[in-house]
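What follows is each chain in one-letter form.
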Amino acid sequence: MQSGYDAIVIGGGIIGCSVAWRLALSGRKVVLLERGRVGGEASSAAGGIFIPEAAPELSPDLLRFWDTSNQMYPSFVEEVRATTGEAFEFRVSGRLVVAFTDEDVVRLRERFEFQAPSGIRAEWLSGTDARAAEPSLSPDVQAAIFFPDHGLVDNPRLTHALGSALHRTGGDLVENCLVTGLLIREGQVTGVTTATGEVHGSIVVNCAGSWSGLVDSRAKQPVRPAKGQMLAVDRGSLPLNHLVAGPGGSAVPRADGRTLIGATIDDVGFDKDVIAGAIAGLFQRTARILPSLEQARFLDAWAGLRPMCPDHQPLIGADLEIDGLYWATGHFTMGILSAPATAKAITELVDSGRTALPIAGFSARRFASPTEAR
C-alpha cells in the first residue's frame, strides 16, 4: 500500500468496490480499505435481486434511482466480466408476486395500479396465467403481478469480481484493515487512521455499510444495522424460472440449483444470530407459494446486516461540514440493485460537484439540525 492516494474508500462491500473501481477508472489513485474480507457482510448475505417497484410510501426520486440502476446493470455486468474475465450468474428473470385470498387480490391489485404511472413495467395475471408461467406455483394462487424487468445476480461473486476489477484498473485493495478515524485539517479531510497507521488522501468515501456511522464521531450519521435472515435449499428437480414472492416469503432460484428464501427485517442492532422460528416461518410461508419446496433439501441459513437510515432512504453525497468527505451508504434492502447508480453518482460528484442522478433527497442535509442545514 502506498503512502498517499487521490481517493480512499472505506468498506469493501458491493457499494465500496463499485465506487472504488469507478474512481480508479476516472484516473485517480485509489485505495479501498476493508475491515474484514471483501463482500464479507451484507453484500454476500443478500439475495442478489433487482426489484424496483412503485409504492405509495416510496419517494419518486428513490424509485427513479432504483430503476435507473436496474437499467444500468446489463452493461455494468458486461464491463466487470470484460475487465476481469470472471464468470458469475446474472439474469433478468422476471418476478411473480402472488395473491391467495380475495383480500390478498384486492391489495395486490392496488399495488399493481401504482406501477404504470410510475414508469415500472408490470402485467396483471390470473391464477391460471400465473401457473402457466410458473407451473410450480400453488393451485391456490388466485392472481399475480408479473414484473418482466426484475432479475438477479450472484452477489458474492459479483462483489469479488468488482474487487478484482479495482486491482486490474490500478487500484489498491487492503483487507483486514480497520479504519479507526478520519484525518481532518482545517475542515478538509486529509486521510484516515487505521489500526496499523495513517493513510493519506484528499478524498474519502464512507461506504462502510452498517458500520459507516461509527468511523469517526466528528462525522456521524444515523445509519444502523437491520438484520436480515435467509435460508437456502436444494430444489432438486423442481423447475423454477422466475423470482417468486407472496405474503411473507420469497424465492430466488439460482442457476446452481439452490433456492434462496427470505428475508426477515429485524431492528436488533449488530446481532447476527440465526433464529430457528424466524427461519421456519420464512420457509413455511414460501412453501405455501411453492409447495414442492417441502421436499427440498435444507442447505444453510444465515443472517446479514443491512445499513439502514431512519427514513429507509440511502445516504449519498458530500458531507455538510468536512470537505472531501463523501457518503455512500444506508441502502437498506436495495444495496445490490443500487451499486451501479451509486458508483456513477459519487464519481460524478467528485469529478464536477454535480450529478444528473436524482440523489438530492439522499443528502446528509436531511439529518442536520436547522442551524447545521444553513
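Going by the structure above, here's the rest.
Let me sum up the structure you'll find in this document. Within each chain, residues carry numbers counting from 1 in the order of the written sequence. Reporting in this predicted model follows two pLDDT cut-offs: at least 70 for local features of residues, and 80 or more for side-chain atom pairs to be given and counted; totals over whole chains, interfaces and linings ignore these cut-offs and use all residues. With hydrogens and water stripped out, all remaining heavy atoms of the structure feed into the side-chain values.

Quick look at the packing of aromatic side chains
So, point 1. Stacked, tilted and edge-to-face are the three classes applied to pairs of Phe, Tyr and Trp rings, where Trp contributes its six-membered ring and a pair requires centres within 6.5 Å; stacked means planes under 30 degrees apart, edge-to-face means over 60, and tilted covers the rest. Overall, the coordinates contain 8 aromatic pairs when judged by the stated rule.
So, point 2. The interplanar angle of 45 degrees and the centroid separation of 5.3 Å between the aromatic rings of tryptophan 211 and phenylalanine 270 together place this pair among those described as tilted. Highlighted residues: tryptophan 211 in the loop between strand 12 (197–206) and strand 13 (224–234) and phenylalanine 270 in the loop between strand 16 (258–262) and helix 7 (276–289), separated in sequence by 59 residues.
So, point 3. Relative accessibility decides the category of a residue: with a 1.4 Å probe and only protein chains considered, values under 20% of the type maximum give buried, values over 50% give exposed, and everything between is partly exposed. For tryptophan 211, a relative accessible area of 18% puts it in the buried group.
So, point 4. By the ring-pair criterion, three or more aromatic residues cluster together here, those being Trp21, Phe50, Tyr73, Phe76 and Phe90. Secondary structure elements follow DSSP: runs of H or I of four or more residues count as helices, runs of E of two or more count as strands, with numbering from the N terminus.

Observations concerning the environment of leucine 162
So, point 1. Looking at the secondary structure, you find leucine 162 in helix 6 (residues 155–168).
So, point 2. Its relative accessible area of 0% is what places leucine 162 among the buried residues.
So, point 3. Sequence-wise, leucine 162 and serine 18 are 144 residues apart; in three dimensions their C-alpha atoms are separated by 6.3 Å.
So, point 4. Excluding residues that lie within four positions of it along the chain, leucine 162 makes contacts with Ile14, Cys17, Ser18, Trp21, Phe76 and Val80. In what follows, residue pairs with any heavy atoms lying within 4.5 Å of each other are defined as contacts.

Thoughts on empty space enclosed by the protein
So, point 1. Cavity means a closed set of points on a 1 Å grid over the protein atoms alone, one where a 1.4 Å probe fits but cannot get out, pocket means an open set with protein on both sides within 12 Å along at least 5 of 7 lines, and lining means a residue has an atom within 4 Å of a point. Grid points are joined across faces, edges and corners, and a volume is the space filled by probe spheres set on the points. For the structure shown, the criterion picks out 1 cavity of 30 Å³ or more.
So, point 2. Here the largest cavity is characterised by a volume of approximately 40 Å³.
So, point 3. Taken together, Leu182, Asn206, Val215, Asp216, Ala219, Leu325 and Trp327 make up the lining of the largest cavity.
So, point 4. Residues are sorted three ways: Asp, Glu, Lys and Arg are charged, Ala, Val, Leu, Ile, Met, Phe, Trp, Tyr, Cys and Pro are nonpolar, and all the rest, Gly among them, are polar. Here the residues of the lining of the largest cavity are counted per class, giving 5 nonpolar, 1 polar and 1 charged.

Focus on the packing of helix 1 (residues 14–25) against helix 8 (residues 335–352)
So, point 1. Look at helix 1 against helix 8: their axes get within 8 Å of each other, and the N-to-C directions meet at 35 degrees. Helix 1 and helix 8 meet at a crossing whose hand is right-handed. Contact residues: helix 1 offers Ile14, Ile15, Ser18, Val19, Arg22 and Leu23, while helix 8 offers Gly335, Ile336, Ser338, Ala339, Thr342, Ala343, Ile346, Thr347 and Val350.
So, point 2. Split by residue class, the contact of helix 1 with helix 8 holds 9 nonpolar, 5 polar and 1 charged. Comment: axis = line fitted to C-alpha atoms, over the contacting stretch for helices; angle = value between 0 and 180 degrees taken between N-to-C directions. We call a crossing left-handed when the near helix sits turned anticlockwise from the far one by less than a right angle, and right-handed when that turn is clockwise.

Some words on the sheet that holds strand 8 (residues 151–153)
Hydrogen bonding along the main chain pairs the strands of a sheet, whether they run parallel or antiparallel.
So, point 1. In spatial order, the strands read 3-8-4; together these 3 strands make up an open sheet with antiparallel pairing. Bordering the open sheet on either side are strand 3 (49–50) and strand 4 (90–91), each of which pairs with just one other strand.
So, point 2. Strand direction decides the pairing type here: strand 4 and strand 8, joined by 2 bridges, are antiparallel. Paired with phenylalanine 90 across the two strands is valine 153, which belongs to strand 8. Here the rule is simple: two strands pair whenever DSSP picks up at least two bridges between them.

Honestly, it's all geometry; don't read function into it.
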